[in-house]
Amino acid sequence: MSAAKRPPKQLPPEGRTGWRRTAVTAVPAVLAVAAMAAMMGQGALAASFAVSGTSFQVASGKLTSNGLSSYVQTDRSVDGKGHPVALLGIGDARLSDICQSAEVETPLGTVVFKLTAGGEAGEVTASSLIIDGEDLTGDARFGTAQIGRDASTLDAVPGVKGEPGKFGLQAGDIEVAGVRSHAWSATGGNFRLKGLKLAVSLDGKQCF
């Protein structure tokens, strides 16, 4: 009895490989921005991926949360370079609006990648928002604050803890108006981006 013929291998749908290759080529420096929309599941996790070589801007008219935890850590890019950041863990974040932007060098020139949401469309929410920021400015109001707490004992935001012996701080309910930050990575669980708009342009303006 002759062996049964094996069915021919199915080729991937036409165009899929080309699209992936194009995407990787076009936006390697803004992967950290794209990670904002990733679903992180339950709990908050510090960035466990290599960051791009480009920091980006994050802005919001008002941010409120039921808790804040923060400590210093170092993000690494694929070339091994370290970027010192303040990891900001924000529990059950609510933002009146949000803007993220990054300048990306391309063969056509400097392109601005910009993502906006919220505003008239409604609040932006995230169950656990983690920002690895170089800086943060705004007008803030904190609930009970604990400054200088050991980073390994932080408990205001689930899953956000640093190394034993390291400096940390945390606070209860917070409200920050006029949020401005330069960041290397940002992630959120159960992110809801109402009125999401994404634009890539040669003559675009950053968030601030």
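For the structure, check the block above.
Residues numbered from 1 in each chain as written. Predicted model: local features only at pLDDT ≥ 70, side-chain atom pairs only at ≥ 80, totals over all residues. Heavy atoms only, no water.

(A) Region of the structure containing the overall build of the protein chain. Counting its regular elements, the protein chain contains 2 helices and 10 strands. Residue burial in the protein chain is summarised as follows: out of 208 residues, 37% are buried. Sequence separation of 24 or more characterises 78% of the internal contacts of the protein chain that already satisfy a separation of 6 or more. If you sum the accessible surface of the protein chain, you get close to 12,000 Å²; carbon and sulfur atoms cover 56% of it. (Helix = DSSP H or I, 4+ residues; strand = E, 2+ residues; numbered from the N terminus. Buried < 20%, exposed > 50% of the residue type's maximum accessible area, 1.4 Å probe, protein only. Contact = heavy atoms within 4.5 Å. Areas by Shrake-Rupley, 256 points an atom, 1.4 Å probe, with all protein chains shown as cover.)

(B) Up close: empty space enclosed by the protein. Inspection of every chain in the model, using the stated rule, returns 1 cavity of 30 Å³ or more. Here the largest cavity defines a volume of roughly 70 Å³. It is strand β1 (residues 56-65) that contributes the most residues to the lining of the largest cavity, 4 residues altogether. When grouped by side-chain class, the residues that make up the lining of the largest cavity number 10 nonpolar, 2 polar and no charged. (1 Å grid on protein atoms, 1.4 Å probe; cavity = no way out; pocket = protein on both sides within 12 Å on 5 of 7 lines; lining within 4 Å. Points joined across faces, edges and corners; volume = space filled by probe spheres on them. Nonpolar A, V, L, I, M, F, W, Y, C, P; charged D, E, K, R; others polar.)

(C) Seen up close, the layout of surface pockets. There is about 220 Å³ of room inside the largest pocket. Residue lining of the largest pocket: 15 residues in total, with Leu88, Leu136, Thr137, Phe142 and Val176 positioned closest to the centre. Among the elements of the structure, β3 (82-95), β6 (124-142) and β9 (174-189) are those that each provide at least two residues to the lining of the largest pocket. In terms of residue count, β6 provides more of the lining of the largest pocket than any other element does, 8 residues in total. Considering only residue class, the lining of the largest pocket consists of 10 nonpolar, 3 polar and 2 charged.

(D) Focus on the pairing of β1. Burial runs high along β1: 8 of the 10 residues are buried. As paired elements, β1 and β9 share 9 bridges and run antiparallel to each other. Looking at the pairing, Leu63 lines up with Val176 of β9. Note: β1 against strand β4 (residues 97-106), 3 bridges, orientation antiparallel. (Pairing = 2+ DSSP bridges.)

(E) Region of interest: the side chain of Gln57. Secondary-structure assignment places Gln57 in strand β1. Residue Gln57 is classed as buried on the basis of its relative accessible area of 8%. Polar side-chain contacts of Gln57 include one of 3.0 Å to the backbone nitrogen of Phe208. Among all residues touching Gln57, those that are not within four sequence positions of it are Cys99, Gln100, Ser101, Ser181, His182, Gln206, Cys207 and Phe208. (Polar contact = N/O pair within 3.5 Å; in protein donor to acceptor, adjacent residues only side chain to side chain.)

(F) Region of the structure containing the nonpolar core. Formed by 22 residues in total, the largest nonpolar core has its most connected members in Ile90, Leu95 and Leu129. Elements that contribute at least two residues to this core include exactly β1, β3, β4, β6 and β9. If one sorts the elements of this core by residue count, β9 sits on top with 5 residues. One finds Tyr71, Ala151, Leu154 and Val160 within the second-largest nonpolar core, a separate group that totals 7 residues. (Core = buried A, V, L, I, M, F, W, Y, C linked by side-chain atoms within 4.5 Å.)

(G) Main features of the pattern of salt bridges. Counted by the stated rule, this structure contains 1 salt bridge. One salt bridge connects Arg149 with Asp155, and the closest N-O pair in it is separated by 3.4 Å. Given the relative accessible area of 22%, Arg149 is considered partly exposed. Assessed through its relative accessible area of 51%, Asp155 is described here as exposed. (Salt bridge = Lys/Arg side-chain N within 4 Å of Asp/Glu carboxyl O.)

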